[in-house]
Amino acid sequence: MNSWLIFLMEVLTLVTLIYPLVYPDNKNYCLGIKNTVKRAFALSLTPLMLLVIEEMQNSSNTALTELNTSNLKVVAQFDKYSIFFVSVALLISWSILEFSLWYMKNDPKINTFFKFLLLFLLAMILLIFANNLFLLFLGWEGVGLMSFMLIGWYYSRSNVATAALQAVIYNRLGDMGFFVAFCWLMINMRTTDLPEILTMSPPLIILIGFILAAASKSAQFGL
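Residues numbered from 1 in each chain as written. Predicted model: local features only at pLDDT ≥ 70, side-chain atom pairs only at ≥ 80, totals over all residues. Heavy atoms only, no water.

As recorded by an unreviewed UniProt entry, the protein chain carries the name NADH-ubiquinone oxidoreductase chain 5 and is attributed to Staurois latopalmatus. Heading Subcellular location (unreviewed entry) of the UniProt record for the protein chain holds this comment: "Membrane". According to the UniProt record, the Sequence similarities (unreviewed entry) comment for the protein chain is "Belongs to the complex I subunit 5 family." (UniProt positions renumbered as here; feature names shortened; annotations may be inferred.)

Given below as structure tokens:
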């Protein structure tokens with residue numbers, strides 16, 4: 001029972017976040033997005049608390065719920081790690097939005113900036129819930145695109161434009177590594193499910209691909 005309640009609360013959290021994109025309100029749109037993220041964070045606390053109670057009653061580490069559509073092989077997993085990090089992502093995003101309301105109060109395009117932040121948050125949540133490389137790649141590209149748009153917001157400043165260009169170049173390097181690993185798995189293993197990949201002994205090309213992807217995304221090893 002707890003598992004289904006957790007799943008439904010997570011879906012409600014996602015619907016709450018998507019609502020401002022489907023039904024935009026031009027009046028105080030930025031404030032509406034901030035309140036939406038705040039409400040979503042409050043909703044995410046319920047499945048987190050239920051998960052803590054369930055973990056105290058049962059020490060197993062099994063996945064709570066999986067969604068699987070066989071045609072596109074899109075798999076999402078709601079486990080203790082994803083539920084915890086969704087709450088963390090929402091809390092941090094809410095804090096950023098609160099600061100941005102003050103910092104950008106005179107920016108004429110503040111509504112667009114907040115919409116980009118919301119899209120970035122949704123792409124991040126897609127990354128968190130992904131249990132398949134295809135779904136992971138969609139969130140991966142969404143985060144990369146929104147990073148470019150947000151970093152280069154004040155593009156008239158030379159250092160900002162340079163930083164945005166660096167973000168694009170580094171993300172494309174990471175894409176190359178990710179895509180090589182993805183294609184190798186599709187051709188040789190016929191699977192992109194993360195649980196199956198984690199149980200295999202990966203060849204060197206897979207390790208290099210994922211290390212390059214992770215290093216470029218988090219600005220490591222000279223990037």
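Here the narrative resumes.
A.B. asks: I'd love a proper account of the UniProt feature "transmembrane region" (unreviewed entry) in the protein chain, names of residues and values included.
C.D. replies: Residues annotated by UniProt as "transmembrane region" (unreviewed entry) correspond here to residues 6–24, 36–53, 81–104, 116–140, 160–185 and 197–215. For residues 197–215, the helix share is 79%, the strand share is 0%, and the end-to-end C-alpha distance is 20 Å. (Helix = DSSP H or I, 4+ residues; strand = E, 2+ residues; numbered from the N terminus.)

A.B. asks: Describe in detail the packing of aromatic side chains, supporting the description with residues and values.
C.D. replies: According to the stated counting rule, one finds 10 aromatic pairs in the structure shown. Consider the rings of F41 and W94, whose centres lie 5.9 Å apart with planes at 40°: the pair is tilted. Taken together, the positions of F41 in helix α2 (residues 29–57) and W94 in helix α3 (residues 80–103) put the pair 53 residues apart, joining distant regions of the chain. Accessibility expressed as a relative area gives 22% for W94, which makes it partly exposed. Both rings, one in F137 and one in F179, keep their centres 6.5 Å apart while their planes meet at 45°; by these two values the pair is tilted. With a gap of 42 residues between them, F137 in helix α5 (residues 133–151) and F179 in helix α6 (residues 158–189) connect regions that are remote in the sequence. Of the aromatic side chains, those joined through ring pairs into one cluster are F137, W140, F178, F179 and F210. (Phe/Tyr/Trp six-rings, centres within 6.5 Å; stacked < 30°, edge-to-face > 60°. Buried < 20%, exposed > 50% of the residue type's maximum accessible area, 1.4 Å probe, protein only.)

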